[in-house]
Amino acid sequence: MPNFGDFQLEIYLGGLAGVRPALPMTFAELEARAAKCLSPEILSYVAGGAGNEATQDVNVAAFDRYGLVPRMLAGAAERDLSTELLGVSWSSPLMLAPVGVIGLCAQDGHGDLATARAAAATGTPMIASTLSADPLEDVAAALGDAPGFFQLYTPADRELAASFVRRAEAAGFKGIVVTLDTQILGWRPRDLSMASFPQLQGKCLANYFSDEVFRAKLEKPPEEDPRAAALAWALGFSDPGLSWDDLAWLRSLTDLPLLLKGICHPEDVRRAIDGGIDGIYCSNHGGRQANGGAAAIDMLGPVVEAAGDAVPVIFDSGVRGGEHIVKAIALGASAVGIGRPYAYGLAVGGEAGIVHVIRSLLAEADLLMAVDGYASLADLTPDALLVR
Ligand code: FNR
């Protein structure tokens, strides 16, 4: 099997024929080019975070406190980044985190489908958001053989929640990821300055508008009165009172692997495990929800320790390069997600832009493991890191 790092050879060989990569090779350039491709409202929604964005920034900066220690003559000529997780085979630990307005990051407004196709092209697992421009059935179909998971924003209406889960199961998703950190929307000054929230304009609500349970409770169908339908969505988006007591109900909705996203405290890990979940998703939503928080990567170690051997921990927030993937794995993550990087890739280059971002991240991670002498994910343990 080829190593992911071979991507660099492809680029250098292209250079011999006078071809330079059309897509950015650094995150800074990717971000700058995406800013020119997206409308001000969508750019604000994607790039922005909560408050003065200190948490969003520290999510990235905190990775620098961890340094990978090189090992020599360790036989890492071939690397194996594959893993078995949540009942499926992963070609690498990289995954596409749920991004609610990804649909609008594509020129044609169908970014969820472009993401699914990029996932299929690279075999990268995708977690499809509840807030999608296309119905989850279409996203699942575009995923081909790539593993797909459905992210649930638990609506106030429990029948609707059950309907989403049933649909996700029928569509072939391999697990349900319940996001817990968005029972209420965080304070986002960039979006507030624009007075813009795409979903309120009826965008990215295809899963709701195509749902019989949701439609049955509207006076007029969304096609006739989209404004009233969007308002109904806003009023029933979540149950802010959802508590640990409701975990048994969530668990009862499916036999698929169930994960909780947004878990950052060891005690919450223990409660989740007691409630019968199958995986922990350690994340602070990329700093979009609560400002003033700790860096997500700093919370990963204690979360992994609390999870022990009981369930796997997957992670996102602040991952911008291959080194971040490697460090998160060394701290105990079983898989590592990206949000904004692939949203920017889509904005800049469509489906090919996402594929480019995925290949670049994996090539960097793979080459780092090669240079530093770590041949497999199992070799990456906390001992591989020096902590400043
Ligand atoms: C998100 N995120 C998110 N999470 C989720 O569970 N459901 C969702 O619909 C969304 N929507 C969403 C939109 C946008 C524009 C972004 C940037 C993020 C959070 C996402 O899954 C992930 O936790 C973060 O994006 C990870 O941080 P980075 O990689 O963006 O730093």
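Residue numbers restart at each chain and count upward from 1, following the sequence in its written direction. This being a predicted model, a pLDDT of at least 70 is required before a residue's local features are given, and a value of 80 or more before pairs of side-chain atoms are given or counted; all residues contribute to the totals for chains, interfaces and linings. Each side-chain value is derived from all of the structure's non-hydrogen atoms; neither hydrogens nor water enter the calculation.

(A) View of the overall build of the chain. The helix count covers DSSP runs of H or I at least four residues long, the strand count covers runs of E at least two residues long, and both are numbered beginning at the N terminus. A tally of regular secondary structure across the chain gives 16 helices and 12 strands. For the radius of gyration, the atom set is restricted to C-alpha positions; the globular benchmark scales as 2.2 Å times the number of residues to the power 0.38. Taken over C-alpha atoms, the radius of gyration comes to 20 Å for the chain, in line with the 21 Å a tight globule of 388 residues would show. Viewed in the frame of its principal axes, the chain has a C-alpha envelope of about 70 × 50 × 40 Å. Counting every position in the chain, which comprises 388 residues, the buried fraction comes to 55%. For the chain, restricting intrachain contacts to residue pairs at least 6 apart in sequence, the fraction spanning at least 24 positions comes to 75%. The Shrake-Rupley method, run with a 1.4 Å probe sphere, supplies the accessible areas, and residue values consider only the shown protein chains as cover. Total accessible area computed for the chain in this model is approximately 16200 Å², and 56% of it derives from carbon and sulfur atoms. Two residue types count as positive, namely Lys and Arg, and two as negative, namely Asp and Glu; His and chain ends fall outside the count. One atom stands in for each charge, and that atom is NZ of Lys, CZ of Arg, CG of Asp or CD of Glu. Taken together, the 28 basic and 47 acidic charged side chains of the chain have centroids lying 5 Å from each other. Accessibility here uses a 1.4 Å probe with only protein chains present; expressed as a share of the type maximum, an area under 20% marks a residue as buried, one over 50% as exposed, and anything in between as partly exposed. Contacts are residue-level and defined by heavy atoms, with any inter-residue pair within 4.5 Å sufficient.

(B) Structural view of the packing of aromatic side chains. Two aromatic rings from Phe, Tyr or Trp, using only the six-membered ring of Trp, form a pair when their centres are within 6.5 Å; if the ring planes differ by under 30 degrees the pair is stacked, by over 60 it is edge-to-face, and anything between is tilted. Enumeration over the complete set of coordinates arrives at 12 aromatic pairs. Aromatic side chains F150 and F173 sit 6.0 Å apart centroid to centroid with 55° between the ring planes, which places their arrangement in the tilted category. Of this pair, F150 sits in strand 6 (residues 148-152) while F173 sits in the loop between helix 7 (158-171) and strand 7 (176-179), and the two are 23 residues apart along the sequence. Each member of the pair, F150 together with F173, is buried.

(C) View of the side chain of S44. Mapped onto the elements of the fold, S44 is located in helix 3 (residues 40-47). Discounting residues that sit within four places of it in the chain, S44 has contacts with R190, D191 and M194.

(D) Summary view of the site of the ligand. The cutoff for a nearby residue is simple: one of its non-hydrogen atoms must lie within 4 Å of the molecule or strand. Close contacts around the ligand come from 24 residues, with P98, G100, S129, T179 and R320 the closest. Pairs of N or O atoms are called polar contacts if they sit within 3.5 Å, as long as, within protein, a hydrogen donor faces a hydrogen acceptor (for residues adjacent in sequence, only side-chain-to-side-chain pairs). For the ligand, an oxygen atom lies 2.7 Å from a polar atom in the side chain of S129. Take T179: an N or O atom from its side chain is 2.7 Å from an oxygen atom of the ligand. Protein chains shield 99% of the accessible area of the ligand, which is 590 Å² for the free molecule. Of all elements in the fold, only helix 3 and helix 16 (340-372) reach the threshold of two or more residues within the shell around the ligand. Its residues placed into classes, the shell around the ligand shows nine nonpolar, 10 polar and five charged. Residues are grouped as follows: Ala, Val, Leu, Ile, Met, Phe, Trp, Tyr, Cys and Pro are nonpolar; Asp, Glu, Lys and Arg are charged; every other residue, Gly included, is polar.

(E) Representation of the environment of H356 in the model. Relative to the helices and strands, H356 resides in helix 16. In this structure the C-alpha to C-alpha distance between H356 and E212, which are 144 residues apart in sequence, comes to 38 Å. Residues in contact with H356, not counting those within four places in the same chain, are F7, L23, P24 and M25. At a separation of 2.7 Å, a polar atom in the side chain of H356 contacts the main-chain carbonyl oxygen of P24.

(F) Expanded view of the environment of A162. The residue A162 is located in helix 7 in this model. Residue classification places A162 among the buried residues on the basis of a relative accessible area of 18%. When the C-alpha positions of A162 and I263 are compared, they lie 22 Å apart, and in sequence the two are 101 residues distant.

(G) Structural detail: the nonpolar core. What makes a nonpolar core is a set of buried Ala, Val, Leu, Ile, Met, Phe, Trp, Tyr and Cys residues whose side-chain atoms join them at distances within 4.5 Å. With 112 residues, the main nonpolar core has I176, Y208, I280, I297, L300 and F315 as its most contacted residues. With 14 residues, helix 16 is the largest single contributor of residues to this core. Here L300 is in contact with C282, V313, F315, A328, L331 and A333, once residues within four sequence places are set aside.

(H) Region of the structure containing a nonpolar patch on the surface. Like charges within 9 Å and nonpolar side chains (Val, Leu, Ile, Met, Phe, Trp, Tyr) within 5 Å are joined into patches, using only residues over 30% in relative accessible area that form no salt bridge. Should a side-chain nitrogen of Lys or Arg be within 4 Å of a carboxyl oxygen of Asp or Glu, the pair is scored as a salt bridge. A cluster of nonpolar side chains, namely L9, L13 and L16, defines an oily patch on the protein surface of about 350 Å² accessible area. By the secondary structure assignment, L13 is in helix 1 (residues 6-16).

(I) Highlighting the pairing of strand 10 (residues 313-316). Here strand 10 shows no split at all, with V313 and F315 on one side and I314 and D316 on the other all buried. Bridge count between strand 9 (residues 279-282) and strand 10: three bridges; the pairing is parallel. The partner of Y281 across the bridge, within strand 10, is I314. For two strands to pair, DSSP has to find at least two bridges joining them. The pairing of strand 10 with strand 11 (residues 335-338) spans three bridges and is classified as parallel. Note that in strand 11 the partner of I314 across the bridge is A335.

(J) Looking closely at the state of the cysteines. Note on terminology: disulfide denotes any pair of cysteine sulfur atoms within 2.5 Å. If you walk through the whole model with that rule in mind, you get zero disulfides. Not part of a disulfide, C264 finds its nearest cysteine sulfur in C282, a span of 4.6 Å.

(K) Region of the structure containing helix 5 (residues 111-122). Along its 12 residues, helix 5 runs 16 Å from first to last C-alpha, staying within 8% of the 16 Å computed at 1.5 Å per residue. In terms of burial, helix 5 is a largely internal element, nine of the 12 residues being buried. Buried residues along helix 5 sit in contact with strand 4 (94-96), strand 5 (126-128), helix 6 (136-142) and helix 16. Looking at the residues trailing helix 5, positive phi occurs at G123, about 70°. The span one expects for a helix is its residue count, reduced by one, times 1.5 Å.

(L) How the structure looks around unusual backbone geometry. One non-glycine residue, E53, lies in positive phi territory at about 70°. Assignment of secondary structure puts E53 in the loop between helix 3 and helix 4 (54-61). Owing to a relative accessible area of 11%, E53 belongs among the buried residues under this scheme. One non-glycine residue with positive phi stands out, namely S317, at about 115°. Looking at the element boundaries, S317 is found in the loop between strand 10 and helix 15 (322-330). S317 gets classed as buried once you look at its relative accessible area, which sits at 4%.

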